[in-house]
Amino acid sequence: MSRGELGISRWLEAHTDRSAGLTTLPGNMVLADVAGTGDYHLVLTDLKFNQDTKCRLKVYKGTLLVSDQPLPDIPSSVVGFYADQLEPRIPVVAVACGSELFAYKNLKPFYKFRVPFCPLVDEEAGVWTEVTNSESFGADKLLNALKAIPYASLSARSQYILNQTSPILVAELLRKCGKTMPTKENIITCMASMARSSRDRRAIACPIIATEFGSIFVLDPQNFAILHQANTCNVKATPFIIKSTGLFDVEFRLLIATREGHICLLRKGWLEGKCLIQLTSDIVDMVAVPGDNFVIVATSDKALHCYSKKGQRLWSTTTANLVTCMSLVPLEHISTCMVAIGLKNGSIQLYQGRQPVDFTSVADSPSVITFGQLGQEEHVMVVITIGGSISFKILKRTADFSSKVQENSPMLQSRPLPLPKRSKLFLEQSIRERKNALEIHQTFQQDLIRLRLSAARALVQNLSDQSGIGNEKEQLKLSAQVLGLGPKFTVILSLENINPNNPLVGLCVTFHVNPLYYVLSLYAAKVPLIPPSLSYKLETKVEEVIKEGVESDDLPVGGGKGNCKVIRVFVTRELMPVPVLAATINMPPTELIV
Amino acid sequence: MGLFQRLANFLGVRKKDVNVLVVGLNNSGKTTVVNSFKSEDDRITDIVPTVGFNVERFQNQNLAFTAFDMSGHGRYRDLWEHYYKNCHGIIFVIDSSDRLRLVVVKEELDLMLQHPDICQKKLPILFFANKMDCKEALSSVKIAAALGLDKIMDKPWHISASNALSGEGLQEGVEWLTQQIREMLSVKS
Ligand SMILES: Nc1nc2c(ncn2[C@@H]2O[C@H](COP(=O)(O)OP(=O)(O)O)[C@@H](O)[C@H]2O)c(=O)[nH]1
Ligand SMILES: [Mg+2]
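Owing to the predicted nature of the structure, the values given are computational and were not obtained by experimental measurement. Residue positions are given per chain, counted from 1 along the sequence in the order it is written. Each chain is given a letter, starting from A, and each ligand a number, starting from 1, according to the order in which they appear as written. At least 70 in pLDDT is required for a residue's local features to be given in this predicted model, at least 80 for side-chain atom pairs to be given and counted, and no such filter applies to totals for whole chains, interfaces and linings, which use all residues. Side-chain figures throughout are based on the complete set of non-hydrogen atoms in the structure, without hydrogens or water.

> Sorry if this is basic, but what is going on with the overall build of chain B here?
Here a helix means four or more residues in a row that DSSP labels H or I, a strand means two or more in a row labelled E, and each is numbered from the N terminus. On a plain count of helices and strands, chain B comes out with 7 helices and 7 strands. For chain B, the α and β elements follow one another from N to C terminus as α-β-α-β-β-β-α-β-α-α-β-α-β-α. Accessible area is worked out with a 1.4 Å probe on protein chains only. A residue is then buried under 20% of its type maximum, exposed over 50%, and partly exposed in between. Taking all 189 residues of chain B together, the buried fraction comes to 55%. The contacts of chain B with a sequence gap of at least 6 include a subset with a gap of at least 24, amounting to 76%. With the model as given, the accessible surface of chain B reaches about 8,800 Å², and the carbon-plus-sulfur share is 53%. Throughout, a residue-residue contact means that at least one pair of heavy atoms, one from each residue, lies within 4.5 Å. Each accessible area is a Shrake-Rupley estimate made with a 1.4 Å probe; only the visible protein chains count as cover when residues are assessed.

> Honestly, the sheet that holds strand β27 (residues 377–385) of chain A in this entry has me stumped. Any pointers?
Adjacent strands of a sheet pair through backbone hydrogen bonds, lying either parallel or antiparallel. Pairing is antiparallel in the open sheet, where 4 strands are placed in the order β1-β28-β27-β26 (chain A). The open sheet has two edge strands, β1 (11–17) and β26 (366–374) of chain A, and neither has a second partner. Pairs of neighbouring strands in the sheet enclose a mean axial angle of 20°, with direction left out of account. DSSP calls a pair of strands paired once it identifies at least 2 bridges connecting them. Bridge analysis of β1 of chain A against strand β28 (residues 390–395) of chain A gives 6 bridges, and the strand direction is antiparallel. Bridged to H15 of chain A within β28 of chain A is F392 of chain A. Here the axes come from fitting lines to C-alpha atoms, over the contacting stretch only for helices, and the angles between their N-to-C directions go from 0 to 180 degrees. The strands that helix α4 (residues 102–114) of chain B touches are β1, β27 and β28 of chain A; relative to β1 of chain A, the one it contacts most, it runs at about 150°.

> Looking at this structure, how should I read helix α2 (residues 30–37) of chain B?
Given 3.6 residues per turn, any residue in an α-helix points the same way as the ones three and four places further on. Those residues of α2 of chain B that sit buried are K30, V33, V34 and F37 of chain B. Projection of α2 of chain B onto a plane perpendicular to its axis shows the buried side chains occupying an angular sector of 95°, all on one side. Our arc is simply the arc of the directions from the helix axis toward the C-beta atoms.

> Mind showing me how you'd approach the nonpolar core here?
Soluble globular proteins: nonpolar side chains tend toward being buried together. Residues L42 of chain A together with F92 and M112 of chain B are the most contacted members of the largest nonpolar core, which totals 47 residues. Sorting elements by how many residues they give to this core places α4 of chain B first, with 6 residues. Residues contacting F92 of chain B, with those up to four places away along its chain left out, are V23, G24, M70, V105, L109, M112, I125, L126, F127 and F128 of chain B. Take the buried Ala, Val, Leu, Ile, Met, Phe, Trp, Tyr and Cys residues and link them wherever side-chain atoms come within 4.5 Å; each set so joined is a nonpolar core. Counting 27 residues, the second-largest nonpolar core is a separate cluster that includes F511, I530, I567 and L581 of chain A.

> What exactly am I supposed to notice about helix α1 (residues 122–133) of chain A here?
Residues and elements named next belong to chain A. When the terminal C-alpha atoms of α1 are compared, their 16 Å separation across 12 residues agrees well with the 16 Å that a helix rising 1.5 Å per residue should span. Listing the buried residues of α1 in full gives E124, V127, W128, V131 and T132. For α1, the buried positions fall inside an angular range of 130° around the axis, keeping them on one side. Exposed residues on α1 whose side chains face more than 90 degrees from its buried face are D122 and N133. In the core, the buried residues of α1 are packed alongside α2 (139–147), α3 (156–162) and α4 (167–177). Expected span of a helix: the number of residues minus one, times 1.5 Å.

> How should the packing of α1 of chain A against α2 of chain A be read in this particular structure?
Angle between the axes and distance between the axes: these two values describe a pair of packed helices. Residue and element names in this part refer to chain A. At their nearest, the axes of α1 and α2 sit 10 Å apart, and the two run at 165° to each other. The orientation of α1 relative to α2 falls into the category roughly antiparallel. Note on packing geometry: the crossing formed by α1 with α2 is right-handed. Counting all contacts with α1, which are made through E124, V127, W128, E130 and V131, the residues of α2 involved are K141, L142, A145 and L146. Basically, the charged four are Asp, Glu, Lys and Arg, the nonpolar ten are Ala, Val, Leu, Ile, Met, Phe, Trp, Tyr, Cys and Pro, and anything else, Gly included, counts as polar. Of the residues in the contact of α1 with α2, the class split is 6 nonpolar, no polar and 3 charged. An angle counts as roughly parallel when it lies under 35 degrees, as roughly antiparallel when it exceeds 145, as roughly perpendicular when it falls between 65 and 115, and as oblique in every other case. Should the near helix be turned counterclockwise from the far one by less than a right angle, the crossing is left-handed, whereas a clockwise turn marks it as right-handed.

> Would you mind going over the interface of chain A and chain B with me for this structure?
By a widespread convention, an interface's size corresponds to the accessible area lost as its parts come together. Contacts between chain A and chain B engage 19 residues on the former and 20 residues on the latter. By definition, the buried area sums, over both parts, the 1.4 Å-probe accessible area that each loses when the two are put together. Buried surface at the junction of chain A and chain B, both sides included, amounts to about 1,700 Å², of which 59% is carbon and sulfur. Here, a salt bridge means any Lys or Arg side-chain nitrogen found within 4 Å of an Asp or Glu carboxyl oxygen. Summed over the shared surface of chain A and chain B, the number is 4 salt bridges. Taking the shortest distance from any N to any O, the salt bridge between E108 of chain B and R397 of chain A comes out at 2.6 Å. The term polar contact refers here to a pair of N or O atoms within 3.5 Å; inside protein, the definition further demands a hydrogen-donor-capable atom paired with an acceptor-capable atom, and it admits residues adjacent in sequence only when both atoms are side-chain atoms. Taken together, the connections running from chain A to chain B amount to 2 residue pairs in polar contact (both at pLDDT 80 or more). Class assignment for the residues of the side of chain A that touches chain B results in 8 nonpolar, 6 polar and 5 charged.

> Sorry if this is basic, but what is going on with the UniProt feature "binding site: Mg(2+)" (unreviewed entry) in chain B here?
Residue and element names in this part refer to chain B. UniProt records the feature "binding site: Mg(2+)" (unreviewed entry) at T31 and T50, using the numbering of this structure. As for its position among the elements, T31 is in helix α2. Note on T31: relative accessible area 33%, which makes it partly exposed. UniProt positions are given in the numbering used here, feature names are shortened, and annotations may be inferred rather than shown by experiment.

> Looking at this model, I keep getting lost on the site of ligand 1. Mind explaining?
Residue and element names in this part refer to chain B. Any residue with a heavy atom positioned within 4 Å of a molecule or strand is treated as near that molecule or strand. Taken together, 16 residues lie near ligand 1, and N27, K30, T31, T32 and D133 sit nearest. Contact between ligand 1 and T31: an oxygen atom at 2.4 Å from a side-chain N or O atom of the residue. T32 places a side-chain nitrogen or oxygen 2.5 Å from an oxygen atom of ligand 1. Relative to its unbound accessible area of 580 Å², ligand 1 is 73% covered by the protein chains. Counting residues per element, the shell around ligand 1 draws most heavily on α2, which supplies 3 residues. Of the residues belonging to the shell around ligand 1, the class tally is 4 nonpolar, 8 polar and 4 charged.

Here you go:
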């Protein structure tokens with residue numbers, strides 16, 4: 001992971017409020033110019049899951065909370081979009097609560113849209129028509145009839161009846177509402193918005209809603225009429241993230257992630273989406289990268305997957321920790337779109353393609369990340385954590401992501417490799433190989449053994465060649481000279497720097513002998529700097545230990561097994577465990593004059 | 001007599017031009033500050049808008065003001081840093097109601113103070129804690145603390161809370177700056 005040059009973060013920590021006590025979920029936080037002044041505000045929902053306290057819609061101007069109003073129900077999603085061209089341009093903020101969509105302008109609710117009811121399944125409709133028509137439809141009969149229908153496909157009223165423990169209550173309910181058909185609410189699960197006909201940042205856009213039963217509605221931004229309705233998929237699918245690309249009037253693509261682990265595609269004109277990608281683990285979050293039309297999906301098994309717009313997997317990578325949320329980080333000034341990945345351990349990784357290029361962190365697990373303009377600042381990242389804190393981070397103007405090696409977008413391996421055609425020569429050779437397999441193998445083995453032998457010979461030659469062994473990589477050459485007849489010798493080592501340009505520094509020489517045979521005047525020495533192409537001479541006095549009763553001739557001499565009449569020389573570099581050079585000097589026998 | 005006129009008179013008639021840079025983030029009130037220096041009768045405005053980079057110059061006799069936004073990502077940096085070369089004083093305008101961007105102001109200030117054309121010189125720096133009339137505005141003391149102004153040892157500096165729309169606080173600051181520039185020039189010559 002590389003940071004900026006000096007190891008300084010690319011993010012300025014503008015503000016953190018650990019006691020904000022905010023609870024929110026992905027899809028519930030947007031940056032919008034709600035005042036119409038060019039001063040972007042942060043709009044989010046603060047969820048309260050206990051019965052008595054209401055969920056709230058909160059608006060931050062910069063780091064200050066400027067509006068806080070109760071919501072009628074638990075919200076599932078918030079979007080901001082421009083509905084008209086009136087000056088000053090003020091966007092609509094739409095909050096989905098249950099099966100209703102509340103539209104706010106100037107932070108005041110002005111319109112409520114209710115998603116059309118879902119038709120009852122035939123069996124349930126049959127049961128209730130009977131109930132409404134006949135006076136004497138018993139509670140037991142109703143319970144049995146409803147039990148026969150899959151629970152999940154029932155209306156809320158039928159589900160409620162099934163959950164009652166006493167038949168008296170059921171009879172009571174039946175008496176109260178037995179004259180009407182139940183309705184099946186279509187709960188909104190997620191939303192998005194899509195520009196109508198222009199890519200401008202403040203272009204008019206349509207809200208898109210997806211519901212529990214898989215219906216997708218594209219609404220008119222002004223009168224909330226349904227412009228387009230479709231199903232997510234041909235099988236049961238519960239959308240929970242929806243992303244849009246393209247323009248409603250021209251061509252658009254909606255990507256819908258479902259709780260069942262599918263990612264479905266819905267295009268302009270389609271009445272039913274097509275399952276594009278099927279994942280084996282649960283989807284945590286998804287972003288659609290504009291331009292490339294890539295989809296990046298985080299799953300609950302710490303994996304990130306990137307798919308092309310056709311649903312082909314381009315790459316996968318694993319993250320260090322569980323992903324909790326994601327956000328696009330479009331950086332127009334360097335024409336890239338990064339993806340911020342919030343991890344459970346409180347770190348936020350910034351991915352460019354499949355490469356993490358930067359990171360920043362927050363107090364605990366982030367639950368929602370958004371990036372965009374806030375106030376006057378273009379590049380603000382707002383993070384709400386599961387612990388309820390809110391952090392504002394600003395990308396520095398000087399932030400430089402260019403030093404990183406830019407990876408090309410992953411190449412597709414769908415085309416076969418450009419292999420040359422099989423030539424006649426190739427065919428002949430393969431026939432020959434099949435025919436004379438044994439001989440060819442034997443010849444090959446013979447040659448291999450010969451090669452090994454000559455390599456071994458060369459090595460032995462090299463090892464025994466005392467004068468002038470060298471280390472090519474280190475650009476160092478060592479030669480030794482032994483003077484004297486014994487028992488006193490002088491060994492002169494010569495270290496030569498064979499590099500014509502750079503000096504050699506930080507070398508040490510160590511002599512290793514068996515103290516039973518030799519005593520040296522110098523065992524280890526530091527080598528001073530050796531200038532390029534020059535050599536350094538080092539001298540040590542050697543005295544052979546002559547013990548009485550031990551004839552020098554008894555000692556094995558030469559290249560024998562237990563050769564003790566040697567001095568080993570190691571040239572080492574400071575702090576390196578492996579010697580740069582090692583050599584053995586065979587000492588001549590002392591010619592004793594008795 | 002406009003503020004500018006006073007400043008020009010105070011500096012006296014000199015052969016040499018005096019250049020004052022007016023810097024700060026976008027929307028901090030630089031244009032408003034510079035405009036309030038101009039008196040009704042001698043309004044010589046010269047606005048040079050460039051793509052992504054806005055410079056406003058305004059000159060009378062030998063006193064010139066150059067204002068530009070310290071915004072935009074990197075690309076235009078070189079353009080405005082070019083103005084650092086021959087300036088005699090700096091007016092740094094801060095929107096004291098923009099708490100979110102106070103870190104950005106600090107970052108930009110630090111970058112400016114580290115710039116080779118600035119760090120060597122003993123330039124006087126005048127900080128306007130502008131938009132003091134806004135209710136979210138931080139006091140000039142708080143801004144000075146947040147920006148770490150007490151750490152500026154090698155340059156004379158001064159901070160005054162201002163309201164560029166009404167002109168409040170501008171005069172006090174400009175008088176300090178004029179005094180500083182005068183001292184600096186008289187030491188030099
Ligand atoms: N309330 C208030 N608004 C101000 C003050 N100074 C400037 N403004 C407003 O801030 C906005 C930006 O001012 P401008 O001078 O264009 O900023 P510049 O981008 O730094 O040149 C304008 O709408 C001004 O009217 C001030 O002291 N108080
Ligand atoms: Mg301006």
